[in-house]
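Notes for the structure review
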Amino acid sequence: MFFGVDFDNTIADYDNLFFNLAFEKKYIPKEKKLGKKEIKEKLIAQGKEEDWRLLQSIAYGSRMIEADLASGFSDFVQKARSLDFNLSIVSHKTCFSNFTNNGVNLRDAALRWMDKHKFFCSLGFSEDEIFFEDSRLCKIRRIKHLNFSHFVDDLVEIFQNSSWPKNVKFLLLDKSKSCQVEHINKFSSWHDINNSIFN
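This text gives an overview of the structure that appears in the document. (Residues numbered from 1 in each chain as written. Predicted model: local features only at pLDDT ≥ 70, side-chain atom pairs only at ≥ 80, totals over all residues. Heavy atoms only, no water.)

**Quick word on the sheet that holds strand β4 (residues 86-92)**
Pairing between the strands of a sheet comes from backbone hydrogen bonds, and it takes one of two forms, parallel or antiparallel. Keep this limit in mind: Paired strands, in this sense, are two strands between which DSSP finds at least two bridges. Under the scheme used here, helices are H or I runs from DSSP no shorter than 4 residues and strands are E runs no shorter than 2 residues, and both carry numbers assigned from the N terminus. Comment: axis = line fitted to C-alpha atoms, over the contacting stretch for helices; angle = value between 0 and 180 degrees taken between N-to-C directions. Contact definition: two residues touch when any of their heavy atoms are within 4.5 Å.
Pairing in this open sheet of six strands is parallel, and the strands run β5-β4-β1-β6-β7-β8 from one edge to the other. Both outer strands of the open sheet, β5 (130-133) and β8 (185-187), are each paired with one neighbouring strand and no more. Each adjacent strand pair in this sheet contributes to an overall mean axis angle of 25°, direction not counted. In the sheet, strand β1 (residues 2-5) pairs with β4 via four bridges, with the strands oriented parallel. By the bridge assignment for β4, Val5 is matched with Ile89. Each of β1, β4, β5 and β6 (150-153) is contacted by helix α6 (residues 136-146), which is oriented at about 165° to β4, the strand it contacts most. Against the sheet, helix α8 (residues 190-198) engages β1, β6, β7 (169-173) and β8, with an angle of about 145° to β7.

Now the structure itself:
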């Protein structure tokens, strides 16, 4: 089998980082722990979209190194490798933020984060298995070109796009269990994905 995996919010978990950044900026109180999605909803509801975009630009750039590795992903990779599955990462990630970040290259920041988490040694990835695309459509085209058997993503909109290759089985990582779309394989964690695929 050939598994493709999205990067942001699928492999890299930003919940703790966004909480810390929002608290530092005094957007939220420390007492109530909020995840990335909840922080976004709170700021947008308050008419603070610019503040949300600022947090994004920092989290994906200069502070990217502080993001967590999604729990269970390493186990998935190790088990997949033991069964000779092929793996690649395909991410919609531009080189630079269109908001701020003082010229931090977002793709380089992601690669440094991967290096920190041993993607290029213990997890067995090479850089030619990592693809960064400029748009959602380019990402889908890459997925189609690579001809994955499965693709894991946190955005159901990817699967719903009319260009989605029907031969690729879509696995939705839905941590909040909020997706109401039917006929999609939904999982709340990598541990659930592992249990489904390997057990």
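From this point on, the discussion continues.
**Brief notes about the side chain of Asp174**
Defined as follows: For the exposure calls, accessible area comes from a 1.4 Å probe over protein chains only, and a residue counts as buried if that area is under 20% of its type's maximum, exposed if over 50%, partly exposed in between. By the counting rule applied here, Lys and Arg register as positive and Asp and Glu as negative, while His and the ends of each chain are not counted. By definition, a salt bridge exists where a carboxyl oxygen of Asp or Glu is found within 4 Å of a side-chain nitrogen of Lys or Arg.
Tracing the chain through its elements places Asp174 in the loop between β7 and β8. As a buried residue without a salt bridge, Asp174 has its nearest oppositely charged side chain in Lys37, at a separation of 5.7 Å. Leave out the neighbours within four places in its chain, and Asp174 touches Cys179, Phe187 and Ser188.

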